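Geometric and topological summary
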Protein chains: 2
Amino acid sequence: MNHQENLTAYLQSFVNELVRNGIKNAVISPGSRSTPIALLMAEHSQMNVHVHVDERSAAFFALGMAKALKEPTVLVCTSGTAAANYFPAIVEAKISRIPLIVLTADRPHELRDVGAPQAIDQVNLYGNQVKWFMEMSPPDAAPEMLRYVKTVSSRAVASAMKEPKGPVHLNMPFREPLIPDFDHIEKYENESRHVEIINGTLTVADEYIKGLAQRLEGMRKGIIVCGEIDNENFSAAILDLAKELNFPILADPLSQLRSIDDPDNLIVDTYDVFLRNDAVKQALAPEVIIRFGSMPVSKPLTLYMKQSEALQIVVDGGAGFRDPNQLTAEMVYCDETLFCRKLAEYAKKNKHNDGKLWKDINEKTKQALSQVANISELSEAKLFHLLAELLPDNSVLFVGNSMPIRDLDTFFHKQRKNISIYANRGANGIDGTVSTALGVGAAKQQPLYLVLGDLTFFHDMNGLIAAKQYNVPITIILINNNGGGIFSFLPQAQHPKHFELLFGTPLDIHFEHIIRMYGGKYHAVEDWDHLKSLCASGEEFGIRLFEIKTNRDENLKEHRQIMTNVSQEIQHFLRDDKK
Amino acid sequence: MNHQENLTAYLQSFVNELVRNGIKNAVISPGSRSTPIALLMAEHSQMNVHVHVDERSAAFFALGMAKALKEPTVLVCTSGTAAANYFPAIVEAKISRIPLIVLTADRPHELRDVGAPQAIDQVNLYGNQVKWFMEMSPPDAAPEMLRYVKTVSSRAVASAMKEPKGPVHLNMPFREPLIPDFDHIEKYENESRHVEIINGTLTVADEYIKGLAQRLEGMRKGIIVCGEIDNENFSAAILDLAKELNFPILADPLSQLRSIDDPDNLIVDTYDVFLRNDAVKQALAPEVIIRFGSMPVSKPLTLYMKQSEALQIVVDGGAGFRDPNQLTAEMVYCDETLFCRKLAEYAKKNKHNDGKLWKDINEKTKQALSQVANISELSEAKLFHLLAELLPDNSVLFVGNSMPIRDLDTFFHKQRKNISIYANRGANGIDGTVSTALGVGAAKQQPLYLVLGDLTFFHDMNGLIAAKQYNVPITIILINNNGGGIFSFLPQAQHPKHFELLFGTPLDIHFEHIIRMYGGKYHAVEDWDHLKSLCASGEEFGIRLFEIKTNRDENLKEHRQIMTNVSQEIQHFLRDDKK
């Protein structure tokens with residue numbers, strides 16, 4: 001076979017095998033060295049190709065698609081710094097357990113470390129931040145090499161999908177000329193054998209579950225804590241288990257449990273507020289905590305668990321070690337849904353433990369928080385309080401890090417609409433947010449709302465090009481407090497010297513321009529009625545940005561005031577309850 | 001000592017030692033975990049602190065400063081994906097041998113790999129892309145620990161500056177609380193011992209140089225090739241050597257040799273054009289090639305060297321292996337200036353080898369290229385031909401990768417103005433260009449001109465914030481051919497299927513908006529007179545963007561036409577010359 005035949009047969013086998021393994025989406029950045037793989041992907045009828053010039057945004061876009069579809073997205077770039085731009089999204093994918101298949105084109109071996117243009121050391125480029133790395137062979141159409149490339153393709157998918165899911169990296173050396181024979185692609189189909197990889201599921205011995213069920217019977221106060229989790233049928237399974245145990249579920253906004261049908265009122269969703277109160281924490285001290293998913297967003301909840309004497313059990317189907325408090329007594333490496341079902345089977349209804357006080361305090365807190373609705377000025381707290389009302393049913397809400405995700409946790413509660421909530425909560429970065437949201441939006445095909453702060457928006461304005469090019473409608477609610485609002489809540493705010501320079505960091509830019517550049521519509525929100533009417537306008541839209549200007553100092557004061565008021569009301573309730 | 005005293009004494013010793021080692025500039029991105037080091041740097045009277053929200057742009061800005069100042073810039077960021085955003089600039093710094101000191105704040109050891117927020121694995125985060133990595137001790141004010149931290153500080157500077165220069169990475173774990181005692185900083189000055197590290201210089205035995213001088217005497221045709229190089233006094237030393245040997249110097253635009261005084265007319269600067277002609281290549285076949293610096297930009301020159309039977313000698317004070325052609329017979333690890341001076345000392349004037357034909361063809365080519373001045377429409381070729389006229393004396397010209405640097409090589413020749421030329425020519429990426437240019441501009445304090453294409457500009461529009469915040473004046477000449485113009489010159493252009501999707505990649509955006517967002521001035525260039533008058537307007541300026549719209553297909557045709565015409569003229573000249 002000649003060079004072009006080797007190139008084509010090898011890569012076509014690779015791409016076909018990706019497709020056979022269910023891969024449907026590739027995000028490609030333009031480049032020369034990646035030409036053969038890019039062309040063959042574009043040529044494949046079952047591969048959706050998205051092209052993105054900025055590789056950093058491209059990788060976050062791919063991350064968003066993978067997040068929403070729960071299957072790997074493929075990334076393709078040329079050699080050099082292009083590949084380095086994927087790094088932030090890869091780091092995020094690793095920690096947040098999102099499957100990605102990163103394909104970097106490379107110079108062939110003889111052109112490495114000899115000063116050839118656009119040649120960097122790409123072997124193990126991403127170090128520990130990927131789950132699996134393979135330096136691939138140069139293209140070769142020998143039968144055993146086609147078998148090899150198909151096996152690597154299958155292994156890449158299986159490895160990315162094996163719990164804990166995550167990014168894998170294949171580095172692909174190509175020699176010139178780089179054009180495959182894609183005009184006669186049918187010639188290169190080969191029906192030879194392939195390997196089917198069946199990913200297993202972690203389970204634990206029935207004896208452990210039985211023993212746990214028995215121990216739980218004797219406990220009067222138990223709670224379940226759910227952070228962000230991606231496990232099929234988990235919502236139903238955890239509700240069943242909670243009902244059986246009579247344990248309330250403290251549901252993080254990213255657990256998706258604040259948007260499900262909860263007939264038995266098991267979901268507690270205002271703990272971020274009431275667990276700031278010492279008396280409440282005392283009254284609600286549990287004997288056992290069973291925790292699932294990532295660490296929850298809420299700092300009061302984390303502190304509450306840290307101060308607790310309870311038996312703490314963590315269930316992790318990805319076999320990690322999510323325990324910054326170092327208080328976990330039992331770390332259970334078992335598929336979470338499986339665990340819930342098994343335990344529910346063995347558990348006996350604990351009638352003493354009905355979680356009534358949790359429900360009452362949750363209800364009381366919600367009532368107390370309803371005061372937020374009365375704030376007349378534009379306010380960050382009220383925005384999140386109103387979100388459930390503002391957003392349509394069956395929509396996607398993507399939330400920026402730093403303050404927005406925390407405010408969401410505090411002020412956005414269980415409601416009847418089906419609103420899927422997403423964030424980049426692996427490494428909690430403010431980078432790549434616009435792109436990740438658009439990736440989710442492109443995959444979900446539901447109305448997409450992105451709520452984020454000005455620095456976060458700034459960091460990934462380039463991501464907007466995908467909204468324009470792939471016609472992904474997006475409504476951006478921009479909370480513009482001209483700088484890093486979260487720092488006002490941190491100890492450095494007590495030290496005004498250098499504060500604005502290093503932490504406040506106002507950008508003083510007017511974002512209307514960037515929205516216009518992408519052909520979007522910009523609206524400066526005047527008041528709450530204006531925002532409501534903007535959100536209600538059901539027009540077909542492309543990019544819309546609603547800018548809400550707030551003030552960092554006033555926001556701090558407002559948050560403190562709300563917390564003080566609510567805390568007092570809960571305190572009254574507790575006193576009355578004890579009487 | 002208490003926690004705050006340990007933190008302050010340790011970090012203050014570190015920062016003081018950086019300053020003692022001559023470090024003057026830090027680029028800091030806002031974050032919480034990096035609070036102590038950021039505050040102490042801001043507090044230090046001899047440290048210039050630049051704050052940049054987007055860490056990717058921040059790192060390229062730092063790279064630009066280091067490029068211009070020839071000394072390390074410090075980068076400081078918080079834990080998490082912030083650090084991953086530095087990666088593209090670090091990769092570029094490694095290959096292009098630019099010194100950087102990267103300081104990443106990290107969670108302390110007990111909060112790693114346990115699901116703590118914003119905690120990623122930062123140990124060896126950048127893998128082989130940095131020269132030196134140290135995982136640092138938690139802050140500690142014991143005398144031996146202060147000595148340790150000062151030593152690491154000195155070693156970081158020395159390691160970054162040791163040839164080949166490059167980036168180093170220190171990962172710094174900090175426990176809360178994170179506020180140093182910067183109000184009583186004088187308390188923490190300590191005058192204890194420190195280590196002075198004296199970086200050596202590579203030299204080779206006199207016998208080798210003497211032998212080489214003897215061998216060169218017998219050779220009739222020799223040339224010197226200079227790529228990008230950063231070595232003190234190199235320009236003078238290479239001119240002396242070339243004069244002694246009677247060798248012409250083929251000077252890459254990044255060698256800075258196209259802007260020096262060249263009384264003996266030794267610099268050849270149109271080789272990128274005339275070395276496309278086979279007859280010329282034959283006529284100019286050398287017996288020896290002595291090469292310095294990076295591989296030159298010019299592909300015709302690279303090919304010419306690849307096809308040459310000459311003895312090829314590469315001199316590299318950084319002891320790398322810049323030889324993609326695999327034809328180097330002698331790889332000399334010696335400081336380049338030292339090598340030139342020693343060889344010039346031993347060399348005897350070779351009267352047979354006056355490089356006259358090189359000079360004549362260079363002159364003829366320049367004449368032939370002057371036809372470019374007659375192009376009336378806006379054209380990429382003519383822009384670079386005109387640049388020397390358009391730019392003021394003592395200015396900085398930063399050039400984008402892909403087509404602009406190639407066009408510069410082809411059309412921008414030796415001239416009398418002092419114009420320093422910069423590009424990111426390590427990995428040849430299109431990323432970070434705006435930021436790197438601004439970093440150079442901030443350091444050089446000379447009028448800054450950035451010439452780049454639309455995709456390159458798009459990739460780093462965020463970099464513009466530095467121009468606004470640090471008041472770095474910049475004139476951007478944007479060549480907007482709405483997509484990736486270079487691909488029209490590559491083989492994939494012959495395959496129209498998928499071409500626009502994967503390679504043409506038009507963005508279809510109007511860049512006026514982004515310039516307005518940063519308070520800059522936008523001008524759509526109408527014709528050459530308009531551009532000349534814009535450039536001539538000597539007003540005090542902030543950000544100015546002159547947009548030149550071109551067409552990719554016509555640009556391809558124009559380039560081909562120019563090359564055909566020039567080639568014919570040179571051919572005639574050669575024929576006449578032989579008669």
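Treat the numbers as computed from the prediction; the structure is a model and nothing was measured.

Right, let's talk about the domain arrangement of chain A for a bit. Residues and elements named next belong to chain A. Per the domain assignment, the segments making up chain A are domain 1 (3–188), domain 2 (206–365) and domain 3 (375–555). One C-alpha centre belongs to domain 1, the other to domain 2, and the line joining them spans 40 Å. Together, the buried faces of domain 1 and domain 2 total about 520 Å²; carbon and sulfur atoms form 27% of this surface. Of all residues in domain 1, K70, R97 and E163 bury the most surface against domain 2, accounting for 69% of the area lost on that side. Counting the contacts that link domain 1 with domain 2 gives 3 residue pairs in polar contact (both at pLDDT 80 or more). In terms of residue class, the side of domain 1 that touches domain 2 is built from 2 nonpolar, no polar and 5 charged.

The positions that UniProt labels "domain: Thiamine pyrophosphate enzyme TPP-binding" (unreviewed entry) are, in the present scheme, residues 424–533 of chain A. Annotated as residues 424–533 of chain A, this span is 38% helix and 15% strand, and its ends, taken at the C-alpha atoms, are 29 Å apart.

Here we come to the interface of chain A and chain B. Chain A puts 83 residues into the contact, and the matching count from chain B is 83 residues. At the boundary of chain A with chain B, total buried surface from both sides reaches about 7000 Å², with 63% on carbon and sulfur atoms. Linking chain A to chain B there are 4 salt bridges. Between A:D54 and B:R56 there is a salt bridge, with its nearest N and O atoms 2.8 Å apart. The interface formed by chain A and chain B contains 32 residue pairs in polar contact (both at pLDDT 80 or more). Broken down by class, the residue content of the side of chain A that touches chain B amounts to 46 nonpolar, 21 polar and 16 charged.

Within helix α15 (residues 403–411) of chain A, 8 of the 9 residues are buried, which leaves the element mostly enclosed by the surrounding structure. Within the sequence span of α15(A), burial applies to A:M403, A:P404, A:I405, A:D407, A:L408, A:D409, A:T410 and A:F411.

This part is about unusual backbone geometry. Between A:E163 and the following residue, A:P164, the backbone shows a cis peptide bond with an omega angle of -10°. With respect to the helices, strands and loops of the structure, A:P164 is situated in the loop between α6 (143–161) and β6 (167–173). The linkage connecting B:E176 with the following residue, B:P177, adopts the cis geometry, with an omega of -5°. Relative to the elements of secondary structure, B:P177 occurs in the loop between β6 (167–173) and α7 (206–217). We note that B:A319 has phi near 50°; this positive angle belongs to a residue other than glycine. The exposure class assigned to B:A319 is partly exposed, which follows from its relative accessible area of 34%.

Attention now moves to the packing of aromatic side chains. A full pass over the atoms with the stated rule returns 17 aromatic pairs over all chains. For the pair B:F487 and B:F503, a centre-to-centre distance of 5.3 Å together with 50° between the ring planes defines the contact as tilted. Separated by 16 residues along the polypeptide, B:F487 in the loop between β16 (474–480) and α19 (499–504) and B:F503 in helix α19 bring together distant segments of the chain. A relative accessible area of 1% places B:F503 in the buried class. By way of ring pairs, the aromatic residues A:F87, A:Y126, B:F87 and B:Y126 are connected into one cluster.

Residues and elements named next belong to chain A. Its 12 residues give helix α8 (residues 234–245) an end-to-end C-alpha distance of 16 Å, which sits within 8% of 16 Å, the value for a rise of 1.5 Å per residue. Inspection of α8 places F234, A237, I238, L239, L241, A242 and L245 among the buried residues, and these make up the whole buried set. Considering only its buried residues, α8 is in contact with α7 (206–217), β7 (222–226), β8 (249–251), β9 (267–268), β10 (288–292) and α12 (336–346). N246 sits one or two residues past α8 and shows a positive phi near 60°.

The rules behind each value
Residues numbered from 1 in each chain as written. Chains lettered and ligands numbered in written order. Predicted model: local features only at pLDDT ≥ 70, side-chain atom pairs only at ≥ 80, totals over all residues. Heavy atoms only, no water. Domains from an automatic or database assignment. Buried area = accessible area lost by both parts, 1.4 Å probe. Polar contact = N/O pair within 3.5 Å; in protein donor to acceptor, adjacent residues only side chain to side chain. Nonpolar A, V, L, I, M, F, W, Y, C, P; charged D, E, K, R; others polar. UniProt positions renumbered as here; feature names shortened; annotations may be inferred. Helix = DSSP H or I, 4+ residues; strand = E, 2+ residues; numbered from the N terminus. Contact = heavy atoms within 4.5 Å. Salt bridge = Lys/Arg side-chain N within 4 Å of Asp/Glu carboxyl O. Buried < 20%, exposed > 50% of the residue type's maximum accessible area, 1.4 Å probe, protein only. Phe/Tyr/Trp six-rings, centres within 6.5 Å; stacked < 30°, edge-to-face > 60°. Expected span 1.5 Å × (residues − 1).

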